[in-house]
Amino acid sequence: MQYRPHRYRTEFPTTMKTPFGPSEAVINDVNETGALMKTSAPLARGHKIEFTFLNNKVTGIVQWAADGRCGVTFRPHLTITQVDSLRYKQSGHRSMRHRSTSYVEMR
């Protein structure tokens, strides 16, 4: 059995072109080779999709589809920079976020 590379969790909304026309979708996880997408389009295995983000045009092929979700393999694979853009990569420690409720106003 062969395992796929680690996928990074995200919630990236996008509009994709499908064989049925434009459709709204959300990318739930992503890596260089593929992604899990939630979509309202009735996709099936083998359908080609296309979407753009930040002037990057991405094409892929649906590997499986069920219950409004689908697995997509990117052709060609994404670069590390493109993956970082799709996953909203944040720098710093997640628990060290600025919260305005934890500061007292100084006078």
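Residues numbered from 1 in each chain as written. Predicted model: local features only at pLDDT ≥ 70, side-chain atom pairs only at ≥ 80, totals over all residues. Heavy atoms only, no water.

Topic: the overall build of the protein
Piece 1. The helix and strand inventory of the protein stands at one helix and six strands.
Piece 2. Counting every position in the protein, which comprises 107 residues, the buried fraction comes to 35%.
Piece 3. In the protein, of all internal contacts separated by at least 6 residues, the share reaching a separation of at least 24 is 45%.
Piece 4. Surface accessibility of the protein: about 7800 Å² in total, with carbon and sulfur atoms responsible for 52%. (Helix = DSSP H or I, 4+ residues; strand = E, 2+ residues; numbered from the N terminus. Buried < 20%, exposed > 50% of the residue type's maximum accessible area, 1.4 Å probe, protein only. Contact = heavy atoms within 4.5 Å. Areas by Shrake-Rupley, 256 points an atom, 1.4 Å probe, with all protein chains shown as cover.)

Quick look at the pattern of salt bridges
Piece 1. Counted according to the given criterion, the structure contains five salt bridges.
Piece 2. In this structure, Arg 7 and Asp 29 form a salt bridge, with 3.5 Å as the shortest nitrogen-oxygen distance. Note that Arg 7 is positioned in the segment before strand S1 (8-18) and Asp 29 in strand S2 (residues 21-30), a separation of 22 residues in sequence. Like Asp 29, Arg 7 is buried.
Piece 3. The closest approach of N and O atoms between Lys 57 and Glu 50, which form a salt bridge, is 3.8 Å.
Piece 4. Residues participating in the shared-partner salt-bridge network are Lys 17, Glu 50 and Lys 57. (Salt bridge = Lys/Arg side-chain N within 4 Å of Asp/Glu carboxyl O.)

Describing the sheet that holds strand S4 (residues 48-53)
Piece 1. The six strands are arranged S1-S2-S3-S6-S5-S4 in a closed barrel whose pairing can be described as antiparallel. Taking the axes of each pair of neighbouring strands and ignoring which way they run, one obtains an average angle of 45° across the sheet.
Piece 2. Direction of pairing for S1 relative to S4: antiparallel, over a ladder of two bridges. Looking at S4, one finds that Met 16 is bridged to Phe 51. (Pairing = 2+ DSSP bridges. Axes fitted to C-alpha atoms, helices over the stretch in contact; angles between N-to-C directions.)

Section: the side chain of Asn 28
Piece 1. Structurally, Asn 28 can be placed in strand S2.
Piece 2. Judged by its relative accessible area of 10%, Asn 28 falls in the buried class.

A few points about the confidence of the model for the protein
Piece 1. Looking at the protein as a whole, the pLDDT averages 83, with 79% of positions reaching at least 70.
Piece 2. Scored below 50 in pLDDT, residues 91-98 shows two contacts in the model against residues more than four places distant or in partner chains. (pLDDT = per-residue confidence, 0-100.)

Quick word on the side chain of Asn 31
Piece 1. As for its placement among the helices and strands, Asn 31 is situated in the loop between S2 and strand S3 (34-39).
Piece 2. Here His 6 takes part through its backbone oxygen, which lies 3.3 Å from a polar atom of the side chain of Asn 31.
Piece 3. Apart from residues no more than four positions distant in its own chain, Asn 31 is found in contact with Pro 5, His 6, Arg 7, Phe 74, Leu 78 and Val 83. (Polar contact = N/O pair within 3.5 Å; in protein donor to acceptor, adjacent residues only side chain to side chain.)

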